[in-house]
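Below are the chains, spelled out letter by letter.
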Amino acid sequence: MWRYSHKKGKMAGLAHEWKHLMHGKAGKDPHSTHPAKLPDWYQSGLRHVWLPYAQMKTASLPLPVVRTEGSRIVLADGRDLVDGIASWWTACHGYNHPHIRSAVEDQLAKLPHVMFGGLAHEQALRLAQRLAALLPSDLDCVFFSESGSVSVEIALKMAIQYWGNRGLRGRVRFVAFKGGYHGDTTGAMAVSDPDSGMRGLFGGYLPQHLVVDLPRDEDSAAALETVLARHAEDIAGILVEPLVQGAGGMRFHDPAVIATLRRLADRYDLLLIFDEIFTGFGRIGTMFACGAAGVVPDIVTLSKALTAGTLPLAATVARRRVFDAFWSDDPAHALLHGPTYMGNALACAAANASLDLFEREPRLAQVAAISAALSQLLEPCRTLRGVKDVRVQGAIGVVEMERIDDLNALRDRFIDEGVFIRPFGNVIYLTPAFTITAEELARLTGAIVKIVGETAGRTR
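Predicted model only: the values in this text are computed from it and were never measured.

### Some words on the packing of helix α4 (residues 98-110) against helix α13 (residues 345-360)
Then, in step 1: Orientation of α4 relative to α13, taken along the N-to-C sense of each, is 150°, at an axis distance of 8 Å. In terms of their interaxial angle, α4 and α13 are classed as roughly antiparallel. Crossing of α4 over α13 shows right-handed handedness. Note on element contacts: α13 touches α4 through Ala 345, Leu 346, Ala 349, Ala 350, Ala 353, Ser 354, Asp 356, Leu 357 and Arg 360, opposite His 99, Ile 100, Ala 103, Val 104, Gln 107 and Leu 108.
Then, in step 2: Partitioning the contact of α4 with α13 into residue classes produces 10 nonpolar, three polar and two charged.

Shown next as C-alpha cells:
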C-alpha cells in the first residue's frame with residue numbers, strides 16, 4: 001500500500017486555503033508557492049468553478065497553468081512540470097504543436113463554425129473520409145459529436161434504433177464488462193462497471209444492462225454465452241474497450257478476448273461496439289486496437305487524441321450495414337441526434353492536422369520506443385513492497401498498488417518531484433505524449449520508482 005509520510009496538517013491547510021478562496025479571500029499559492037505569485041484570475045475565479053472528480057472541501061488546490069509546450073506544463077510561478085498523462089491521454093503529439101496550431105489559426109480566419117444541419121464544410125468531410133480510410137473494412141459512416149461520452153450515447157442509440165428500424169423494438173439492453181468505463185453521461189454510466197463509485201450513486205436512476213466478466217478463459221467465455229443465450233432477444237449489442245480498460249483501472253486483455261466477442265456477437269446476431277476513446281490514435285502501438293486485434297466491430301467510438309488535445313471532438317463510426325438500416329423513405333428511421341457543435345470546423349481542422357502528423361512523422365515508432373523504455377524503467381517497482389503489478393502496453397505504463405490511502409497527498413508528492421502524474425484508485429500510470437524525450441520519460445519513471453520506494457522501504 002502507499003501511505004504519504006507527511007503529517008495530516010497539510011490536508012487541513014489545503015482545506016483552509018479552499019475555504020478562503022471559496023469565500024473570495026486570497027490564500028497562498030498551491031504547494032507552498034509564494035502568495036505574490038498567485039495570479040489575480042486564480043484568486044478571483046477559482047471560487048466560482050466546480051472541479052471534476054473532486055471533493056471540493058478536501059481536494060488539493062489546482063495548479064495555475066499559464067503555458068504548455070511539448071511535454072511541459074508551465075505554472076504561474078515559473079515552474080515547469082513534465083506531464084506524464086498528456087491531459088487525460090489527449091495530447092499525443094505534445095502540447096502546442098506548430099502544425100496543429102497553424103491549421104486551427106488558418107481555419108479560425110475562414111470559418112470557425114457552422115451548424116451541421118443543412119450545411120457542410122471541407123474540414124469535416126475531409127476528416128470523415130480520412131477516418132474511413134484508416135479504419136478497417138467498411139467502417140466508413142461517420143457521425144460527429146463533441147465528447148467521448150456523447151459518442152458512446154450515440155453508439156447506444158444507433159444500435160437500439162438499428163434493430164427498431166428492422167422491426168425488432170425489444171432489443172434495448174447491452175452487454176458490457178466489469179472494469180469498464182464509458183463516460184459520465186447517463187447512458188454511458190449505465191454500461192460502465194456497476195461497482196464503480198460513480199455509477200453506485202445513481203443506481204436507481206440508470207437503465208439496467210448486463211455487466212459481466214470479460215471472456216478471458218473458457219469458464220468466463222461459457223458464462224458470457226449463457227447470458228447471451230438467455231437474453232439475446234433483448235440485447236442490442238456488446239460494448240467493450242478493446243485490449244485496454246482505461247479509466248476502470250488500466251487493465252489489459254489479449255486479442256483473443258476480442259475475437260471471442262466477435263464470434264459470440266455473430267452467433268447471437270448482435271452488434272459489436274468498440275469504445276476506442278482511449279486506445280485510438282496510436283496509444284497501444286497501432287492506430288486502433290481493432291487493427292491490433294484483427295477484429296472489425298460494427299460501431300466504434302473515437303475521441304480524446306482525435307484532435308491531439310487541442311479542441312473537443314468525437315466520432316461514432318458505423319459499418320455500412322448499420323447505416324443501411326437507417327436509409328429509408330420514412331423520416332422516423334433517421335438517426336435523430338444532432339449536437340450543436342457537431343463537426344465543428346476548428347476541431348476538425350485540428351484533427352486533420354493531427355492525422356497529417358501521423359502520416360509525416362514516426363509516431364508509432366516513437367510509441368514502440370516509449371513502450372520499451374517504460375518496460376525497463378518501471379521494472380524496479382515490481383519488487384517493492386505494496387506493488388501488486390507492473391504492466392506496459394504501447395505508451396501506457398502502469399504500477400498497480402495493493403492500495404493507495406491518500407491520493408491527494410500522492411499527487412502532491414509527484415508535483416514536488418517536478419512531474420504531473422495523477423494516480424486514481426490503486427493505480428499509478430503514465431500515458432505520455434508520443435513526442436516526449438528520453439530524458440523527460442526517465443524523469444517521470446524515476447519519480448515513480450523513488451516515491452513508491454520511499455514507502456516500500458525494502459523489497460519483498
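### Side note on the sheet that holds strand β14 (residues 396-401)
Then, in step 1: Taken in spatial order, the three strands line up as β13-β14-β16 in an open sheet, and their pairing is antiparallel. The open sheet has two free edges, formed respectively by β13 (387-393) and β16 (427-430), since each of these has just one partner strand. Each strand axis lies, on average, 10° off the axis of its neighbour in the sheet, ignoring direction.

### Some remarks on the packing of helix α9 (residues 218-231) against helix α10 (residues 255-267)
Then, in step 1: Their axes nearest at 11 Å, the elements α9 and α10 cross at an angle of 25°. As summarised for this structure, α9 and α10 are arranged roughly parallel, according to the angle between their axes. For the crossing formed where α9 meets α10, the hand is right-handed. In this structure, α9 uses Ala 221, Leu 224, Glu 225 and Leu 228 to contact α10, whose residues at the interface are Thr 260, Leu 261, Leu 264 and Arg 267.

### Observations regarding the packing of aromatic side chains
Then, in step 1: Under the definition given, this model contains nine aromatic pairs.
Then, in step 2: Geometrically, the ring pair formed by Phe 424 and Tyr 429 is edge-to-face, given 5.5 Å between the ring centres and 70° between the ring planes. For the pair Phe 424 and Tyr 429, one class covers both residues: buried.
Then, in step 3: Taken together, the aromatic side chains of Trp 89, Phe 278, Phe 424 and Tyr 429 make up a single cluster linked through ring pairs.
Then, in step 4: Sitting above the plane of the Trp 163 ring, Arg 171 keeps its charged end 4.1 Å from the centroid.

### Focus: the nonpolar core
When a protein is soluble and globular, its nonpolar side chains tend to lie buried together.
Then, in step 1: Ranked by internal contacts, the top residues of the largest apolar core, which has 123 residues, are Phe 281, Ile 428 and Ile 448.
Then, in step 2: Leaving out residues up to four positions away in the same chain, Phe 281 has contacts with Leu 131, Met 287, Phe 288, Leu 302, Ser 303, Ala 305, Leu 306, Leu 355, Phe 358 and Phe 434.
Then, in step 3: Within the second largest apolar cluster, eight residues are counted, among which are Leu 63, Ile 73, Leu 75 and Ala 86.

### Here we look at the pairing of β14
Then, in step 1: A large share of β14 lies buried, amounting to six of its six residues.
Then, in step 2: Strand direction decides the pairing type here: β13 and β14, joined by six bridges, are antiparallel. Along β14, the bridge assignment pairs Arg 391 with Val 398.
Then, in step 3: Hairpin geometry of β13 and β14 is characterised by an intervening segment of two residues between the two adjacent antiparallel strands and by a positive phi of about 55° at Gly 394.

### What to know about the environment of Leu 302
Then, in step 1: Within the secondary structure, Leu 302 is located in strand β11 (residues 299-302).
Then, in step 2: As for Leu 302 and Leu 313, which are separated by 11 residues in sequence, their C-alpha atoms are 8.7 Å apart.
Then, in step 3: In contact with Leu 302, other than residues within four places in its own chain, are Leu 131, Leu 135, Ser 151, Glu 276, Ile 277, Phe 281, Phe 288, Ala 314, Ala 315 and Val 317.

### A look at helix α14 (residues 363-378)
Then, in step 1: Taking 1.5 Å of rise per residue, 16 residues should cover 22 Å, and α14 covers 22 Å from first to last C-alpha, within 8% of that figure.
Then, in step 2: For α14, the full list of buried residues reads Arg 363, Val 367, Ile 370, Ser 371, Leu 374 and Leu 378. All buried residues of α14 fall inside an arc of 105° around its axis, so they share one side.

### With respect to the sheet that holds strand β1 (residues 65-69)
Then, in step 1: Strand order in the open sheet made by the four strands is β1-β2-β3-β15, with mixed pairing throughout. This sheet does not close on itself; its edge strands, each paired only once, are β1 and β15 (419-420).
Then, in step 2: Direction of pairing for strand β2 (residues 72-75) relative to strand β3 (residues 80-83): antiparallel, over a ladder of three bridges. Of the residues in β3, the one forming a bridge with Arg 72 is Val 82.

### Structural notes on a nonpolar patch on the surface
Then, in step 1: A cluster of nonpolar residues, Leu 201, Phe 202 and Tyr 205, forms a patch on the protein surface that exposes about 380 Å² of accessible area.
Then, in step 2: Position of Phe 202 among the secondary structure elements: in the loop between α8 (197-201) and β6 (210-212).

### So, the pairing of strand β7 (residues 235-240)
Within a regular strand, the side chains alternate between the two sheet faces.
Then, in step 1: Among the six residues that make up β7, six are buried, leaving the element largely enclosed by the rest of the structure.
Then, in step 2: Strand direction decides the pairing type here: strand β5 (residues 173-177) and β7, joined by three bridges, are parallel. Across the sheet, the residue bridging to Phe 174 is Gly 237, located in β7.
Then, in step 3: Looking at chain direction, β7 and strand β10 (residues 271-275) are connected through four bridges and run parallel. Note that in β10 the partner of Gly 237 across the bridge is Leu 271.

### Quick word on the pattern of salt bridges
Then, in step 1: Counted under the stated rule, the structure contains 24 salt bridges.
Then, in step 2: A salt bridge links Arg 382 to Glu 379, with the shortest nitrogen-to-oxygen separation between them at 2.9 Å.
Then, in step 3: Of the charged contacts, one joins Glu 400 and Lys 388 as a salt bridge, the two residues approaching to 3.7 Å between their closest N and O atoms. Taken as a pair, Glu 400 in strand β14 and Lys 388 in strand β13 lie far apart in primary sequence, 12 residues in all.

Rules and cut-offs
Residues numbered from 1 in each chain as written. Predicted model: local features only at pLDDT ≥ 70, side-chain atom pairs only at ≥ 80, totals over all residues. Heavy atoms only, no water. Axes fitted to C-alpha atoms, helices over the stretch in contact; angles between N-to-C directions. Helix = DSSP H or I, 4+ residues; strand = E, 2+ residues; numbered from the N terminus. Parallel < 35°, antiparallel > 145°, perpendicular 65-115°, else oblique. Left-handed = near helix turned anticlockwise from the far one by under 90°. Contact = heavy atoms within 4.5 Å. Nonpolar A, V, L, I, M, F, W, Y, C, P; charged D, E, K, R; others polar. Pairing = 2+ DSSP bridges. Phe/Tyr/Trp six-rings, centres within 6.5 Å; stacked < 30°, edge-to-face > 60°. Buried < 20%, exposed > 50% of the residue type's maximum accessible area, 1.4 Å probe, protein only. Lys NZ or Arg CZ within 6 Å of the ring centre and 35° of its normal. Core = buried A, V, L, I, M, F, W, Y, C linked by side-chain atoms within 4.5 Å. Expected span 1.5 Å × (residues − 1). Arc of directions from axis to C-beta. Patch = residues over 30% accessible without salt bridge, like charges linked within 9 Å, V, L, I, M, F, W, Y side chains within 5 Å. Areas by Shrake-Rupley, 256 points an atom, 1.4 Å probe, with all protein chains shown as cover. Salt bridge = Lys/Arg side-chain N within 4 Å of Asp/Glu carboxyl O.

So yeah, pure geometry; function would need other evidence.
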